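Fold and geometry: a report
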Amino acid sequence: MQWDEVRQRIGAGESRTVEFKLGFDTRKVGPAACAFANSDGGIVVMGVSDAGGIVGVPKDPHEVHEELTNLLNTGFNLPLTASYGRHPRGNGWVHWIHVPRQRNWEPKQYRDVAWVRRERSSVRPSPEELQDLYNAFGFVKTEERLLTGAGVHDLDDHRFRQYLSGRGLERKDGREPDILDDYRNFDVVRDWEGQTSPTLFGLLAFGRDPQRLAITRSLLVRNTAYRAASRGKGVLFAAEAHGRLDEQVNRTTDWALSLGRRETRVGIRRVEHPLLPIDALREAVTNAVIHRDYAITGSAILVDLFPDRMEITSPGRLPNGMTVAKVQRGGISRPRNPLMADYGVDVRLMERRGMGWPAIEDAMAKFNGTSPRFEEYRDERAVRVTLFLKPEAGSPGENLDAG
């Protein structure tokens, strides 16, 4: 990065990817560089005040360079890759290190802390942010969490065998492996301190009653139909979709399709249309169920039907460096829950990885010519898909043909 670009960054002020340091102190540079490495990358500029005033560092520039090189090579749990630059300014020098986003086998740590970037500050991560971070590095995944309050008896052996059969993995000679060994092989259970317990993935994919535990009680879909255009006013129908991953999707889809139908006439014939195309609805709900952040407990997926739209809100930010633009482009898949994503494809709940959003767009365009909306709310830790009803569909209260 050249001085002209650095000067432009200084002029724009501190941000999620730019931090200023008035002087030179590796104890202050370290957390910022670590946070940029663990987040989306950024630049640490030394010799600049918080307000953007360029004052320079009066220390010998060669000594600064040497200390920075030592910091990057030995100051973290793993060496940190960064480019270095400097520029003379008055009686001193402006120094900078440009740190790209980095992914190794574990997050970067400075003084045993995996720093993260929060708006314009480098901070110690909250438990939720730390879980996100380790998920992003593939070090510990929430779906692999061991549920010690459950046992093998909470799993449906028949359901699991059906799953293997659907994948073409049943033995033709009838000599099936021991069910417990197969559970271990497919990450459905794990052993810990002499006890075998389901993983979160195992319970949600093959459990008899996945929501019976306190920690899994909110891992479901809450469906609500409103008479008005906002939440909290005129609730018409509400239902919770419990059960396994596929059951949550199927029950939510059935609930939504039962609420209303739009009628048109072709000659003397009456033709009924659903309020939304089932392909788009099913894909949107499936993505919410499969890709939600299961580290966030106490929050359910929300499916809200209003007179003009349906909103599907899923807990958690986009994972693993994904952006709204990448999701909308299609063909890019970095799932937070890869076991669940593979399961969703295997049981034909969802399109092949990375093609969910294009499928939703195509279905909505053919159905009513509208474009769905995809939004991320980073502060609220949620993502939302909005599907728009036909203008003539009216409100659910007007067109309900309840089942």
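Residues numbered from 1 in each chain as written. Predicted model: local features only at pLDDT ≥ 70, side-chain atom pairs only at ≥ 80, totals over all residues. Heavy atoms only, no water.

Quick word on the sheet that holds strand E10 (residues 235–241)
- Taken together, the six strands give an open sheet; going across it, the order is E10-E9-E13-E14-E16-E15, and neighbouring strands pair in mixed fashion. Two strands bound the open sheet, and with one partner strand each, they are E10 and strand E15 (373–377). Shown here is a sheet whose adjacent strand axes are inclined to one another by a mean of 15 degrees, direction ignored.
- Pairing geometry for strand E14 (residues 309–315) and strand E16 (residues 382–388), over seven bridges, is antiparallel. Bridging from a neighbouring strand, Ser314 pairs with Val383 of E16.
- Together, strand E9 (221–226), E10, strand E13 (301–305) and E14 form the strand contacts of helix H8 (residues 245–258), whose direction differs from that of E9 by roughly 10 degrees.
- Here helix H12 (residues 356–368) sits on the sheet and contacts E15 and E16; the angle it forms with E16, its principal contact strand, is near 25 degrees. (Pairing = 2+ DSSP bridges. Helix = DSSP H or I, 4+ residues; strand = E, 2+ residues; numbered from the N terminus. Axes fitted to C-alpha atoms, helices over the stretch in contact; angles between N-to-C directions. Contact = heavy atoms within 4.5 Å.)

Focus: the packing of aromatic side chains
- Evaluation of the coordinates by the stated rule reveals 12 aromatic pairs.
- Seen in terms of ring centroids, Phe160 and Tyr183 are 4.7 Å apart; in terms of plane orientation they differ by 50 degrees. Their pairing is tilted. With Phe160 in helix H5 (residues 157–166) and Tyr183 in helix H6 (residues 179–185), this pair connects stretches of sequence that are 23 residues apart. This pair shows no difference in class: Phe160 is buried, exactly as Tyr183 is.
- When the ring of Tyr226 is compared with that of Phe306, the centres are 5.2 Å apart and the planes differ by 10 degrees; the resulting orientation is stacked. Of this pair, Tyr226 sits in strand E9 while Phe306 sits in the loop between E13 and E14, and the two are 80 residues apart along the sequence. (Phe/Tyr/Trp six-rings, centres within 6.5 Å; stacked < 30°, edge-to-face > 60°. Buried < 20%, exposed > 50% of the residue type's maximum accessible area, 1.4 Å probe, protein only.)

A short note on the side chain of Glu311
- Secondary-structure assignment places Glu311 in strand E14.
- Accessibility expressed as a relative area gives 7% for Glu311, which makes it buried.
- Polar side-chain contacts of Glu311 include one of 2.6 Å to the side chain of Arg231.
- Every residue in contact with Glu311, bar those within four places of it in the chain, is listed here: Arg231, Leu302, Val303, Asp304, Phe306, Arg384, Val385 and Thr386. (Polar contact = N/O pair within 3.5 Å; in protein donor to acceptor, adjacent residues only side chain to side chain.)

A word on unusual backbone geometry
- A positive phi angle is found at Arg348, which is not glycine, with a value near 65 degrees.
- On the secondary structure map, Arg348 appears in the loop between helix H11 (338–346) and H12.
- One non-glycine residue, Arg381, adopts positive backbone phi at about 55 degrees.
- Tracing the chain through its elements places Arg381 in the loop between E15 and E16.
- The exposure class of Arg381 is buried, given its relative accessible area of 15%.

Side note on the sheet that holds strand E2 (residues 42–46)
- Pairing is mixed in the open sheet, where four strands are placed in the order E1-E2-E4-E3. Because the sheet does not close on itself, it has two edges, and the strands there are strand E1 (18–21) and strand E3 (83–89). Each adjacent strand pair in this sheet contributes to an overall mean axis angle of 15 degrees, direction not counted.
- Of the strand pairs in this sheet, E3 and strand E4 (residues 92–99) are connected by seven bridges, and their pairing is antiparallel. The partner of Arg89 across the bridge, within E4, is Gly92.
- Here helix H1 (residues 3–12) sits on the sheet and contacts E1, E2, E3 and E4; the angle it forms with E2, its principal contact strand, is near 90 degrees.
- Strands in contact with helix H2 (residues 26–38) are E1, E2 and E4; relative to E2, the strand with the most contacts, it is inclined by about 165 degrees.

Let's talk about the environment of Ser83
- In this structure, Ser83 sits in strand E3.
- The contacts of Ser83, once residues within four sequence positions are left out, are Trp96, Ile97 and His98.

Worth remembering: the numbers are spatial, not functional.
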